[in-house]
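Listed below, chain by chain, are the residues.
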Amino acid sequence: MTETTLFEDPRWPRAGRWPGADTVGASARVDVGIIGVPTWRTSLSATGAHATPAAIRAAVQRYGTFAPGTAWPTVVDFGDVTEPDGDGEAEAIEAVRRASARSSLVIALGGDNALTYSVALGAWTARGEADDTAHEQNRVRDAGLITIDAHHDLRDGVSNGSPVRQLLEAGLDGNRAVQLGIADFANSEFYDTRAREAGIRVVRRDEFEERPIEAIVADALETAGAADGPIHVDVDVDACDRAVAPACPASIPGGLSAYQLRRTVRLLARDPRVTSLDIAEVDATRDAADGRTVRLAALVVLEAIAGFAER
């Protein structure tokens, strides 16, 4: 995609021109915090997803901040975690914890799906004393997880195919996990059984054609928020149809539409129990010439901010 200089109009403020967190005071609270968590080294397929946070930040500026009925909240950028994979996972958890302690909603820009483990864990354990182990364990036990994903992500090991299993092992109650958009021919019977045995509520792709999105979201929030703990939302863009998400290595024809993804994110972000959200599996280096996948990811960021503004 050929980049052009963006036209400037003082009557049409552009999104994405967020101040850095260090410019608003070290202890100042903000509505929405943006943080880049560019995981990629353990991906099951070759990816350049570490280039995506910067690409999303650039693409967001193509859009405005106007959404009817909303007052745009304060948004600041906490920068990127330098090396969030491997030994850097602890650094990523701590960086998200710091951002979450100052923000009502944290939006993490990935990166492959490995970021979901560190982002969710950092956000869930952010409130309370950082060295209070019992408090942190209780926060994880009370937390909820909602994924929008074609895949279960319950594999063994550490990769972009394992974050949900890792969160279960960290103490997440599977009965407060919901997976939206799970696709046929994109999983195995073994992992489908593992999801059911863990108590995970699975909403398959077909349900988005058979039921209103509002009903799907309401049920997901009721399940994930049953203990009134913080909810993390994982937005794996490969849940979408490959026509709108060609830069996702595992996207398939017949996935969710761009509208279904955007609407689902907006509705989820309206709930005050949703304290963190990640955007995963976009490889900006492999996008279509028109940049459609990165632009969709940028709109997911804006939908989440707009949903927050509607609380």
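Everything numeric in this text was worked out from a predicted model, so none of it was measured.

Engineer: Explain the environment of Asp238 to me, please; I cannot follow it from the model alone.
Structural biologist: Looking at the element boundaries, Asp238 is found in the loop between β7 (231–236) and α9 (258–269). On the basis of relative accessibility, which here comes to 3%, the residue Asp238 falls in the buried class. C-alpha separation for the pair Asp238 and Glu281, spaced 43 residues apart in sequence, amounts to 6.5 Å. Asp238 has contacts with Asp149, Ala150, His151, Cys248, Ala250, Ser251 and Glu281, leaving out every residue within four places of it along the chain. A polar contact is formed between the side chain of Asp238 and the side chain of His151, at a distance of 3.5 Å.

Engineer: Looking at this structure, how should I read α9?
Structural biologist: Each turn of an α-helix holds 3.6 residues, which means side chains three or four residues apart point in the same direction. Helix length check: α9 (12 residues) gives 17 Å between terminal C-alpha atoms against 16 Å at 1.5 Å per residue, within 8%. For α9, the complete set of buried residues consists of Gln260, Leu261, Thr264, Val265, Arg266, Leu267, Leu268 and Ala269.

Engineer: Would you explain the packing of helix α2 (residues 89–102) against helix α3 (residues 115–124) in this entry?
Structural biologist: Helix packing for two helices is described by the angle between their axes and how far apart those axes are. Look at α2 against α3: their axes get within 7 Å of each other, and the N-to-C directions meet at 40°. With respect to α3, the element α2 is oriented oblique. The handedness of the crossing between α2 and α3 is right-handed. Residues Glu89, Ala92, Ile93, Val96, Arg97 and Ser100 of α2 form the contact with α3, whose participating residues are Tyr117, Ser118, Val119, Leu121, Gly122 and Ala123. Across the contact of α2 with α3, the residue classes break down as seven nonpolar, three polar and two charged.

Engineer: Got a minute to help me understand the environment of Val237 in this structure?
Structural biologist: Assignment of secondary structure puts Val237 in the loop between β7 and α9. You can call Val237 buried: its relative accessible area is 0%. Sequence-wise, Val237 and Ala126 are 111 residues apart; in three dimensions their C-alpha atoms are separated by 26 Å. Each residue touching Val237, except ones within four places of it in the same chain, is listed here: Ala245, Cys248, Ile279, Ala280, Val282, Thr293 and Leu296.

Engineer: Help me out: how do you make sense of the packing of aromatic side chains in this one?
Structural biologist: Aromatic ring pairs: the centre-centre distance and the angle between the two ring planes describe each pair. Under the counting rule described, the total for this entry stands at one aromatic pair. Centroid distance Phe190 to Tyr191: 5.0 Å. Interplanar angle 85°. Geometry classified as edge-to-face.

Engineer: Hey, could you run me through the confidence of the model for the chain in this one?
Structural biologist: Do not read the fine detail of predicted coordinates wherever pLDDT is low. Looking at the chain, the pLDDT average stands at 95 and 95% of residues meet or exceed 70. Taken element by element, the chain is modelled with least confidence in helix α4 (residues 133–142), mean pLDDT 75, and with most confidence in strand β4 (residues 144–148), mean pLDDT 99.

Basis of the calculations
- Residues numbered from 1 in each chain as written.
- Predicted model: local features only at pLDDT ≥ 70, side-chain atom pairs only at ≥ 80, totals over all residues.
- Heavy atoms only, no water.
- Helix = DSSP H or I, 4+ residues; strand = E, 2+ residues; numbered from the N terminus.
- Buried < 20%, exposed > 50% of the residue type's maximum accessible area, 1.4 Å probe, protein only.
- Contact = heavy atoms within 4.5 Å.
- Polar contact = N/O pair within 3.5 Å; in protein donor to acceptor, adjacent residues only side chain to side chain.
- Expected span 1.5 Å × (residues − 1).
- Axes fitted to C-alpha atoms, helices over the stretch in contact; angles between N-to-C directions.
- Parallel < 35°, antiparallel > 145°, perpendicular 65-115°, else oblique.
- Left-handed = near helix turned anticlockwise from the far one by under 90°.
- Nonpolar A, V, L, I, M, F, W, Y, C, P; charged D, E, K, R; others polar.
- Phe/Tyr/Trp six-rings, centres within 6.5 Å; stacked < 30°, edge-to-face > 60°.
- pLDDT = per-residue confidence, 0-100.

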